[in-house]
Amino acid sequence: MANTMDVVKLRQQRLRRKRIFRMLLLLLVVAACIFIYSKRDVWFPKLEGIGTKYQNITQNKNADTEGNFPLSVSGGVDYYTSFVNNNMFILCDMYVYIYSDDGNLKDSRQHAYSNAVMQTSETRCLLYSCNGTKFRVDTASKMVYENTLEQPILFARIGKNGYAAVVTESDTYACKLCIYDMSGKLIYSRECVERLLDVSLHENGCVFATFGAENGEIVTTLQSITFNGDEVLWATAPISTLCMNVYALSDGGAMVIGDTSCAYYSSTGALLYSYDYMGTLLDYTFNDERAAILVKNDERRQSQLLLFSKIAAQPTEISIPSIAKCVMIEDERAYLLGAKGIDSYTFSGEHKSKLEMTDSYERLMKNGKYFYLLGYDKINRINANGS
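Small disclaimer: the values here were computed from a predicted structure and weren't measured. Note that residues are indexed from 1 along each chain, following the sequence as it is written. Under the rules for a predicted model, residues below a pLDDT of 70 receive no local features and side-chain atom pairs below 80 are neither given nor counted, while totals for whole chains, interfaces and linings still include all residues. Calculation of side-chain values draws on the structure's entire complement of heavy atoms; hydrogens and water are dropped beforehand.

Comments concerning the packing of aromatic side chains
At step 1: Pairing of aromatic rings covers Phe, Tyr and the six-membered ring of Trp, with a centre-to-centre limit of 6.5 Å; geometry is then stacked below 30 degrees between planes, edge-to-face above 60, and tilted otherwise. This model, assessed by the stated rule, comprises ten aromatic pairs.
At step 2: On the basis of an interplanar angle of 55° and a centroid distance of 5.1 Å, the ring pair of phenylalanine 135 and tyrosine 180 is categorised as tilted. Taken as a pair, phenylalanine 135 in strand β9 (residues 134-138) and tyrosine 180 in strand β13 (residues 175-180) lie far apart in primary sequence, 45 residues in all. As far as burial versus exposure is concerned, phenylalanine 135 and tyrosine 180 are alike and both buried. Put simply, DSSP H or I for four residues or longer makes a helix, DSSP E for two residues or longer makes a strand, and each gets a number counted from the N terminus. Only protein chains enter the accessibility calculation, which uses a 1.4 Å probe; a residue whose area is less than 20% of its type maximum is buried, one above 50% is exposed, and one in between is partly exposed.

A closer look at the sheet that holds strand β18 (residues 232-235)
At step 1: Pairing is antiparallel in the open sheet, where four strands are placed in the order β15-β16-β17-β18. Edge positions in the open sheet fall to β15 (196-201) and β18, since each of these has one partner strand only. Going from strand to strand, the sheet's axes swing by 25° on average, the running direction of each strand aside.
At step 2: When DSSP finds at least two bridges between two strands, those strands are taken to pair. With three bridges joining them, strand β17 (residues 217-226) and β18 adopt antiparallel strand pairing. In the strand pairing of β18, serine 224 is matched with tryptophan 234. Angular values range over 0 to 180 degrees, each being the angle between N-to-C directions of two axes fitted as lines to C-alpha atoms, with helices fitted over their stretch in contact.

Let's talk about the environment of glycine 132
At step 1: Within the secondary structure, glycine 132 sits in the loop between β8 (125-129) and β9.
At step 2: Residue class for glycine 132 comes out buried when judged on its relative accessible area of 13%.
At step 3: Taking the C-alpha atoms as reference points, glycine 132 and threonine 168, 36 residues apart in sequence, are found 9.5 Å from one another.
At step 4: Those residues in contact with glycine 132 that sit more than four places away from it in its chain are Gln151, Pro152 and Ile153. Residue contacts are counted whenever heavy atoms from the two residues lie within 4.5 Å of one another.

Comments concerning unusual backbone geometry
Trans peptide bonds make up most of the peptide bonds, and negative phi angles are found at most residues other than glycine.
At step 1: Cis geometry marks the peptide bond from phenylalanine 69 to proline 70, where omega comes out at 0°.
At step 2: Assignment of secondary structure puts proline 70 in the loop between β1 (57-58) and β2 (71-73).
At step 3: One non-glycine residue, alanine 112, lies in positive phi territory at about 55°.
At step 4: With respect to the element layout, alanine 112 can be found in the loop between β6 (105-110) and β7 (116-120).
At step 5: On the basis of relative accessibility, which here comes to 54%, the residue alanine 112 falls in the exposed class.
At step 6: Despite not being glycine, arginine 301 shows a phi value in the positive range, around 55°.

Observations concerning the nonpolar core
Soluble globular proteins tend to bury their nonpolar side chains together.
At step 1: Nine residue types can take part in a nonpolar core, namely buried Ala, Val, Leu, Ile, Met, Phe, Trp, Tyr and Cys, and a core is a set of them joined through side-chain atoms within 4.5 Å. Ranked by internal contacts, the top residues of the largest apolar core, which has 29 residues, are Phe135, Val167, Leu177, Tyr180, Leu196, Val199 and Cys206.
At step 2: Going through the elements one at a time, β8, β9, β11 (153-158), β12 (164-168), β13, β14 (186-192), β15 and β16 (205-214) are the ones with two or more residues in this core.
At step 3: Contacts of valine 167, omitting those with residues within four sequence positions, involve Ile153, Leu154, Phe155, Cys175, Lys176, Leu177, Leu196 and Val199.
At step 4: Judged by nonpolar contacts, the second largest core, of 18 residues, contains Phe69, Tyr95, Tyr372 and Ile379.

Thoughts on the sheet that holds β14
At step 1: Here we have four strands laid out as an open sheet, ordered β11-β12-β13-β14, and antiparallel in their pairing. One side of each edge strand has no neighbouring strand; the edge strands of this open sheet are β11 and β14. The mean angle between the axes of side-by-side strands here comes to 15°, regardless of whether they run parallel or antiparallel.
At step 2: The pairing of β13 with β14 spans six bridges and is classified as antiparallel. Within β14, the residue paired with leucine 177 across the bridge is arginine 190.

A look at a negative patch on the surface
At step 1: On the surface, Glu150, Glu169, Asp171 and Glu191 cluster together to form a negatively charged patch.
At step 2: Position of aspartate 171 among the secondary structure elements: in the loop between β12 and β13.
At step 3: Judged by relative accessible area, aspartate 171 falls into the exposed class, the value being 69%. A residue counts toward a patch only above 30% relative accessible area and without a salt bridge, and it is joined to like-charged neighbours within 9 Å or, for Val, Leu, Ile, Met, Phe, Trp and Tyr, to nonpolar neighbours within 5 Å. Using the Shrake-Rupley algorithm and a 1.4 Å probe, accessible areas are obtained, with residue cover drawn only from the displayed protein chains. Salt bridge criterion: a side-chain nitrogen from Lys or Arg within 4 Å of a carboxyl oxygen from Asp or Glu. Only four residue types enter the tally: Lys and Arg on the positive side, Asp and Glu on the negative side, with His and both chain ends excluded. Throughout, a charge is located at the NZ atom of Lys, the CZ atom of Arg, the CG atom of Asp or the CD atom of Glu.

Regarding the environment of isoleucine 320
At step 1: Relative to the assigned elements, isoleucine 320 resides in strand β26 (residues 316-320).
At step 2: In the structure, isoleucine 320 is positioned 18 residues away from glutamine 302 in sequence and 5.9 Å away in space, judged by C-alpha atoms.
At step 3: The residues touching isoleucine 320, leaving out its near neighbours within four places in the chain, are Gln302, Ser303, Leu336 and Tyr345.

Quick word on the pattern of salt bridges
At step 1: Under the defined criterion, the tally for this structure stands at 14 salt bridges.
At step 2: Residue glutamate 362 is joined to lysine 325 by a salt bridge in which the shortest nitrogen-to-oxygen separation is 3.5 Å. Pair noted here: glutamate 362 is in the loop between β30 (351-356) and β31 (363-367) and lysine 325 is in the loop between β26 and β27 (326-330), with a separation of 37 residues, a long-range link.
At step 3: Given a relative accessible area of 44%, glutamate 362 falls into the partly exposed group.
At step 4: Exposure remark for lysine 325: the relative accessible area of 21% places this residue in the partly exposed category.
At step 5: Connected via shared salt-bridge partners are Asp107, Arg109, Arg136 and Asp138.

Here's what the structure looks like:
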């Protein structure tokens, strides 16, 4: 009997020691976590730096070249590029790189957004997670703000005034439109009964395009609103095209560029002019209330450049004897990137210059006196030479 009691006591002591050891171990782990968290400002930047040792975009270190171009892009990396205040923003899978116009890396910022999309204005960059719930606004010097929403984001836009328009899914409507001011404060929201395709912000409100169907055809309708209430200033009759982008005009009207046609509308929503493309839409751009639209004819291996210099005016039509790649507008010129170089045109249709190229590129930007050429694995810069 005494031996049995001794065995029971030994087991109880052993269990007690195990419980004490586990408790001390737990307290030690909690204390370590509290210490690490309290020192997060010290160790987190160092840890973050480990991830930045590998850059998707790298500079050219050849001292004999002008600036640091070409920039090398890691093979297979999808990237998007735009200029903000003469700084080149490059969006990659997990980072936003900010380069000077000479190709010097000024900053790299992690965004950690899946399906990240970038939209820019003259002074700000908007990043959002397509089908995610986060978006943020950056300048060249800092991240201004970041917001997390309750519903997944369908798309977002940023205006010249720094306001951001974010369109999300909705539990009870087709989608929801939210407008944020320059500090990230929500100033307007609207539940929409029709799915929005695009939003163009202006000083006191916005113009948005909605999607619908009539008689088996896809149609687009535009509406103009202010942020002072839910009243619709004007709405257009449906047009038989799928809106690619809508642009608010200074006179209160709008231009819509669709997949098969484009159209101008007055400040009351009346149709002023429409144009049906004689080919497949290839590229388009809009700047300073001028538009350039590039269409292609695959059978003839030709392109057509449409230049709209005035609101609701017949465009200048230019035939291109090859399939061009993209078009851009700056300083009252339209610049066309083809397989063999860059051609510049006035809006009256006069061919002004041609820059020959040996390498192949897919996209074109211009900033100051330089062209920036975007290829699969590099970003290059060449002098515009007065083009």
